[in-house]
Amino acid sequence: MFADELRSCTVGDTVTYVVNRNINFASKCLGTCGFCAFKNEDGYILTIEEIMAKVREAKHANATEVCIQGGLLPDVGIDFYLEIVESIKAEYPEIHIHSFSPMEVYHAARISGITVKEALFRLNKSGLDTMPGTAAEILSERVREIICPNKMRTMEWIEVIKQAHAAEIPTTATMMYGHIETPEERIEHILIIREIQKETGRITEFVPLPFMPYNNPLGKKLMEEGRYATSGLEDLKTYALSRILLNGHVDNIQASWVKLGKKLAQFALCCGANDLGGTLIEESISKSAGALNGEWISKEELEWMIREAGKTPKERTTLYKGVHKLAFANSKKIPGC
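So, a few notes on the structure that sits alongside this text.

### Describing helix α9 (residues 217–224)
Among all positions in α9, only Leu218, Gly219 and Leu222 are buried. An end-on view of α9 places all buried positions within 95 degrees of arc, on one side of the element. More than 90 degrees from the buried face of α9, the exposed residues found are Pro217, Lys220 and Glu224. Looking at the packing, one finds that the buried side of α9 touches α6 (141–147). Trailing α9 by a residue or two, Gly226 shows a phi angle of about 85 degrees, which is positive.

### Digging into the pairing of strand β6 (residues 203–210)
Counting buried residues in β6 gives 8 out of 8 residues, a clear majority hidden from the surface. Sheet topology places strand β5 (residues 171–177) next to β6; 6 bridges connect them, and they run parallel. Residue Thr171 lies in a different strand from β6, and its bridge partner there is Ile203. In the classification by handedness, the crossover that spans β5, the intervening helix α8 (residues 183–200) and the parallel β6 is right-handed.

### Here we look at unusual backbone geometry
Here Asn62, not a glycine, exhibits a phi torsion of approximately 65 degrees, which is positive. The residue Asn62 is located in the loop between α2 (48–60) and β3 (65–69) in this model. When its relative accessible area of 59% is taken as the criterion, Asn62 is described as exposed. Although it is not a glycine, Tyr320 sits at a positive phi angle of roughly 60 degrees.

### A closer look at the side chain of His96
Tracing the chain through its elements places His96 in strand β4 (residues 96–97). Among all residues touching His96, those that are not within four sequence positions of it are Thr64, Glu65, Val66, Asp129, Thr130, Thr318 and Leu319.

### Overview of the pairing of β5
Here is the key point about a regular strand: its side chains alternate between the two faces of the sheet. Of all 7 residues making up β5, 7 are buried, and the element is well covered by its neighbours. The two faces of β5 match: Thr171, Ala173, Met175 and Tyr177 on one face and Thr172, Thr174 and Met176 on the other face are all buried.

### Observations concerning the packing of aromatic side chains
Applying the stated rule across the entire model yields 4 aromatic pairs. Ring geometry for Phe25 against Tyr81: centres 5.8 Å apart, planes inclined by 80 degrees, an arrangement best described as edge-to-face. Note that Phe25 is positioned in the loop between β2 (20–24) and α2 and Tyr81 in helix α3 (residues 78–91), a separation of 56 residues in sequence. Here Phe25 falls in the buried class, since its relative accessible area comes to 0%.

### Focus on the sheet that holds strand β7 (residues 275–278)
Ordered by their spatial adjacency, 3 strands build an open sheet running β7-β1-β8, and the pairing between neighbours is parallel. The sheet is open, and its two edges are formed by β7 and β8 (312–315), each paired on a single side. Strand-to-strand twist of the sheet, defined as the mean angle between neighbouring strand axes without regard to direction, takes the value 20 degrees. Bridge count between strand β1 (residues 14–18) and β8: 4 bridges; the pairing is parallel.

### A look at the pattern of salt bridges
In this structure the tally under the stated criterion is 22 salt bridges. Across the salt bridge formed by Asp129 and Lys89, the nearest N and O atoms sit 2.9 Å from each other. Of this pair, Asp129 sits in the loop between α5 (116–126) and α6 while Lys89 sits in helix α3, and the two are 40 residues apart along the sequence. Residue Asp129 is classed as partly exposed on the basis of its relative accessible area of 25%. Here Lys89 falls in the buried class, since its relative accessible area comes to 18%. Residues Glu185 and Arg142 are paired through a salt bridge, measuring 2.8 Å at the closest nitrogen-oxygen approach. On the criterion of sequence distance, the pair formed by Glu185 in helix α8 and Arg142 in helix α6 is long-range, its members being 43 residues apart.

### Quick look at the side chain of Asn252
You can see Asn252 is positioned in the loop between α10 (232–246) and α11 (257–260). Relative accessible area serves as the criterion here: at 5%, Asn252 is assigned to the buried category. Within the structure, the side chain of Asn252 is placed 3.0 Å from the side chain of Asn274, a separation counted as a polar contact.

### Structural notes on the sheet that holds β3
The sheet built from 3 strands is open, its strands ordered β2-β3-β4 with parallel pairing. Where the open sheet ends on each side, the last strands, each with one partner, are β2 and β4. Sheet topology note: the β3/β4 ladder contains 2 bridges and is parallel. Following the sheet pairing, Val66 is matched in β4 by Ile97. Packing of α2 onto the sheet brings it into contact with β2 and β3, and relative to β2 it is tilted by some 165 degrees.

Criteria and cut-off values
- Residues numbered from 1 in each chain as written.
- Predicted model: local features only at pLDDT ≥ 70, side-chain atom pairs only at ≥ 80, totals over all residues.
- Heavy atoms only, no water.
- Buried < 20%, exposed > 50% of the residue type's maximum accessible area, 1.4 Å probe, protein only.
- Helix = DSSP H or I, 4+ residues; strand = E, 2+ residues; numbered from the N terminus.
- Arc of directions from axis to C-beta.
- Contact = heavy atoms within 4.5 Å.
- Pairing = 2+ DSSP bridges.
- Right-handed = clockwise from strand over helix to strand, strands pointing away.
- Phe/Tyr/Trp six-rings, centres within 6.5 Å; stacked < 30°, edge-to-face > 60°.
- Axes fitted to C-alpha atoms, helices over the stretch in contact; angles between N-to-C directions.
- Salt bridge = Lys/Arg side-chain N within 4 Å of Asp/Glu carboxyl O.
- Polar contact = N/O pair within 3.5 Å; in protein donor to acceptor, adjacent residues only side chain to side chain.

So, in C-alpha cells, the structure goes:
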C-alpha cells in the first residue's frame, strides 16, 4: 500500500506511544454541539485540588503528560486555566501539560475580556506546553452550521491554532469524520491542516477520529436513517489518505485505539499510521458516546500490539523527542526513498 510505503520512508518502522492521563475537569458545558454525549447539566466541575489529585495519580503511574480539557462554563475565565497550569508546574515542573482546546481558550478569553493572543501568552508564561488541536470537527462552514452552529467558525479555529503556534505553543490537529461531511470536505480539512503546517511548522501530529454515534442527537438522527458508526474499511482509507496528503508536512499520524478498537488501530499501523496515542488512564468523552474499548491501556499491551504488527515500539515524549533518529535507524528503506 502506498500510504504504508510513505510511512516507512518517512518515519521508519518505529511506532510510538506516550504514557499520559486524560483529566476532564468539567462535564457541564454551554455548548450545543449535536455530536456531544459527555455534556451533563447536572454534571461536575472539579476543584483545583481534585485536579491535582489526578495529576499526582498520573505521576505515580509514570505518566509524562497530562491532557486536561473541560466544558465551556458560563463564569469561568482564563484565571481558572492559569491556576490549573501553575498548580501543576509548582509541584511537577517536569510533567508536560498538553491541555485546553482552541474552543476553550477562545471562550475563556471572551469571558475574561481579553484577546485570544493575550490568553495564549499568559498560558504559555504560566507553563502550558502544548495544546490539543481538538474542536476542529470538520473545517467546513456547511458542516459546522449543522453539527455545531454555536461553536467557533473554521477561520476562528485556524486563527487560534496559528496564534498558539506564534506564542510558541505547539498543537496537534484532529478531524472528527464519519457523520454528515462529504469525502471532498474531509480532503479539504486535511489540506487546511497541511497549509497551516507549511506556515508554522508547529503541528506535532494528526489524529483522525471516527464519529461515535451513540448517546447524542446527531448520532440518533443518523441511526434513524440507517447509518451507524464508520466501517473499518472507511477508517483505514481515512488513515491512508491522511498519510498521503500530509506526508512530509505532518509526519506523525495517530491511530486512536479508543475510537477504533485495539485490533483495527493495530491494522492502521499498516495503513499509514505510526503512533498509537497514549495509555490515557482515564478517558470519559469517547466512552460516553459509546466507545467500548476501555479507558486505559498498559504500556506493555501497547508494545505487544506494536510488535505483533511487525513494528518496533518506542515510548515518546509529547513532542516526539528522539523518535525520528531511532525511526530512521530502524527503517527498512524502499528503493528510491
